[in-house]
Amino acid sequence: MTAAATSERYQAISPAEFFYKYREIAGFSNPARALYQTIRELVENALDATDAHGILPNIKIVIRRADEVNNYYKVIVEDNGIGIPPHIVPEAFGRVLFSSKYVLRQTRGMFGLGAKVAILYGQITTGRPVEIITSQRGLKRIYYFKLRIDINKNKPEILERGSYRKNRDWAGTIVSVTVEGDWSKARHRVKEYILRTAVVTPYANIAFIDPDGEILFFKRTIDKLPRPPKEVKPHPYGIDLEVMKRLRDNTDHPTIYDLLIKSFQSIGDVTARKILELAGIEPTIEPKKLSDKQLLKLVNTMKQYSEYRPPTSIALSPLGSEVIKAGLQRIYQPEFVEAVTRRPAAYEGHPFIVEAGIAYGGKVPLSNEKYPTLLRYANKIPLLYDEGSDVITKIVKEEINWENYHVHFPAPIVVLVHLCSTKIPFKGVGKESIADVDVIHKEIKLAILDVARKLRNYLSAKIREEEKRKKLVNIAKYIPEITRALGIILREDGVPIDKLTEKLVETVSRRTGVPRDEVINIVENIEIGV
Ligand code: ADP
Ligand code: MG
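On a predicted model such as this, the values are computed, not experimentally measured, just so you know.

**Student:** Honestly, the packing of helix α7 (residues 241-250) against helix α10 (residues 292-304) in this entry has me stumped. Any pointers?
**Tutor:** Geometrically, a packed helix pair is captured by the angle between its two axes and the distance between the axes. Running from N to C, α7 and α10 cross one another at 125 degrees; their axes reach a closest spacing of 10 Å. Comparing the axis directions of α7 and α10 gives the class oblique. α7 and α10 meet at a crossing whose hand is right-handed. For the pair formed by α7 and α10, the contact residues are Leu 241, Met 244, Lys 245 and Arg 248 on the first element and Asp 292, Leu 295, Leu 296, Leu 298, Val 299 and Met 302 on the second. Here the residues of the contact of α7 with α10 sort into seven nonpolar, no polar and three charged.

Here is the structure:
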């Protein structure tokens, strides 16, 4: 009896083992998707190591066939970023949930997961280790590592390491991962991903060499970087009891009043005193003396208090309208381009900013029959999958009547929307679609409508201009008739006919902006027709 009751086997698994088993939740569900995801993770790390630190990125991405028979691909991504201190490298690439990005500041990464899941996937499908070459500015040596992840222990297992003297001033990181992939199925997505990354990084040189040796190169077109994000303290709306307990247990601040002021943004002297009074807590009490019950009261009071300054947006790094316009320009050479960056807003204590851009005409490809081609971004990362379930799609497809903006589908139009926040409300761990949060929804719509209005103004002016031109061109058709009639009268006074025609042609040309030659052409054709 007792044996049967205890036959259950209990066990704990490491984070590495968890993601080894459930790698599909991180986007590694099949060889095609895994190849795409590997590139994405490495490129995002490369960009985080450059643009967020004020460095104009030079990124090189290479995919090489590593083994024809088995469909192994080696993905190599090189950047000119901040590099990684050598003693950190093994943990950064060999321990799942190890990151430098667990702080309140906008980055592309955030889970301490991306590179490691790619490495894990490579390790289990090809058996090959990850290779890392890195150096930082000011260091005299370049460091290299070959390592694997010990899945049971969630620890790096270093196979090789070393360093050599720099013979040129190089700083940055090169990461190579070999994974089982399916290039023919992944090709389209990978190229689309790189193109869309290039759209929002006109300040980066991006080179991509695919397994067939084909090269894509996007040359930097502006030297302006988006402002780098700054690390901030949490806003009181974003906290919970657990956060407060940790603060209480680890703080050096002598009083709860000090702790509130020093650990949170938007709490100054007046606010701290008000909150403490509402929670019935003495400002001078030592934090460690507070019971769990008092702490809970304090947390609830902090969350209910409604007079804070909204969360600061210095933790965010919006692209800015200049970068968006330059990016759309670099890829599409459109006839019209506009972009807006909305003012910061907040949800649940997290600041966010929405930006939108529109490119129309020029080399912009035709959209589908119903709505514009959409470029969605979250924290500068292009979102490619799950378009249908994204709030941006919903707004663009269902809530805006594009006909009112003189856009008739299929049309040469792309609409770009960028949401940046210290916490993007993604719908799943796959980080591919944004959930419908009221305030965010509203901001996205306002941003799109704002640029759409500018497009409408441009297109209305263009339509008006064309109508005016048509009208005057129509008038030009009468020139031969008029000159002939006037000629009959004036010839008697000795006025030369040619001069008269010329004068009329010139006037029409000046008023319509239609070149002189074109007007003459019209006039001559009419004469032929007469
Ligand atoms: P995340 O990006 O979510 O932090 P990753 O596993 O992708 O998780 O990366 C782990 C850490 O390794 C990063 O937080 C960063 O500190 C470091 N790192 C990874 N790639 C690079 C790189 N190319 N340059 C500098 N640091 C890097
Ligand atoms: Mg990452």
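Still more to cover.
**Student:** Is there a simple way to explain helix α12 (residues 391-399) in this structure?
**Tutor:** Structurally, the α-helix is built with 3.6 residues per turn, so residues lying three or four positions apart point the same way. Among all positions of α12, only Val 391, Ile 392, Thr 393, Ile 395 and Val 396 are buried. As for α12, its buried residues are in contact with β12 (373-378), β14 (413-421) and α13 (438-476).

**Student:** Please explain empty space enclosed by the protein as it appears in this structure.
**Tutor:** Empty space among the atoms becomes visible once a probe the size of a water molecule is rolled across them. Per the counting criterion, the structure on display carries one cavity of 30 Å³ or more. Computed from the structure, the largest cavity encloses a volume of approximately 40 Å³. The wall of the largest cavity is formed by Asp 48, Asp 51, Ala 52, Gln 106, Thr 107, Arg 108, Pro 229, Asn 379 and Lys 380. For the lining of the largest cavity, the class distribution of residues is two nonpolar, three polar and four charged.

**Student:** Mind showing me how you'd approach the side chain of Glu 355 here?
**Tutor:** Within the secondary structure, Glu 355 sits in strand β11 (residues 350-360). In this structure, Glu 355 is buried with no salt-bridge partner, the nearest side chain bearing the opposite charge being Lys 380 at 8.0 Å. Within polar-contact distance, the side chain of Glu 355 engages the backbone nitrogen of Gly 320 at 2.7 Å. At 2.8 Å, the side chain of Glu 355 forms a polar contact with the side chain of Thr 341. Apart from residues lying up to four places away in sequence, Glu 355 is in contact with Pro 318, Leu 319, Gly 320, Ser 321, Ile 324, Val 340, Thr 341, Leu 416, Val 417 and His 418.

**Student:** What am I meant to see in the layout of surface pockets here?
**Tutor:** There is about 970 Å³ of room inside the largest pocket. As for the largest pocket, its lining consists of 35 residues, of which Val 103, Leu 104, His 350, Thr 422 and Lys 423 are closest to the centre. When residues of the lining of the largest pocket are traced back to their parent elements, those giving at least two are α7 and β11. By residue class, the composition of the lining of the largest pocket is 15 nonpolar, twelve polar and eight charged. Empty space within the second largest pocket amounts to approximately 800 Å³. Taken together, 41 residues form the lining of the second largest pocket, with Asn 45, Ala 92, Ser 99, Ser 100 and Lys 101 sitting closest to its centre. The set of elements that each furnish at least two residues to the lining of the second largest pocket consists of α3 (31-48), β2 (72-79), α4 (89-94), α5 (114-126) and β6 (172-180).

About the cut-offs
Residues numbered from 1 in each chain as written. Chains lettered and ligands numbered in written order. Predicted model: local features only at pLDDT ≥ 70, side-chain atom pairs only at ≥ 80, totals over all residues. Heavy atoms only, no water. Axes fitted to C-alpha atoms, helices over the stretch in contact; angles between N-to-C directions. Helix = DSSP H or I, 4+ residues; strand = E, 2+ residues; numbered from the N terminus. Parallel < 35°, antiparallel > 145°, perpendicular 65-115°, else oblique. Left-handed = near helix turned anticlockwise from the far one by under 90°. Contact = heavy atoms within 4.5 Å. Nonpolar A, V, L, I, M, F, W, Y, C, P; charged D, E, K, R; others polar. Buried < 20%, exposed > 50% of the residue type's maximum accessible area, 1.4 Å probe, protein only. 1 Å grid on protein atoms, 1.4 Å probe; cavity = no way out; pocket = protein on both sides within 12 Å on 5 of 7 lines; lining within 4 Å. Points joined across faces, edges and corners; volume = space filled by probe spheres on them. Lys, Arg positive; Asp, Glu negative; His and termini not counted. Salt bridge = Lys/Arg side-chain N within 4 Å of Asp/Glu carboxyl O. Polar contact = N/O pair within 3.5 Å; in protein donor to acceptor, adjacent residues only side chain to side chain.

By themselves, these observations are geometric and do not establish any function.
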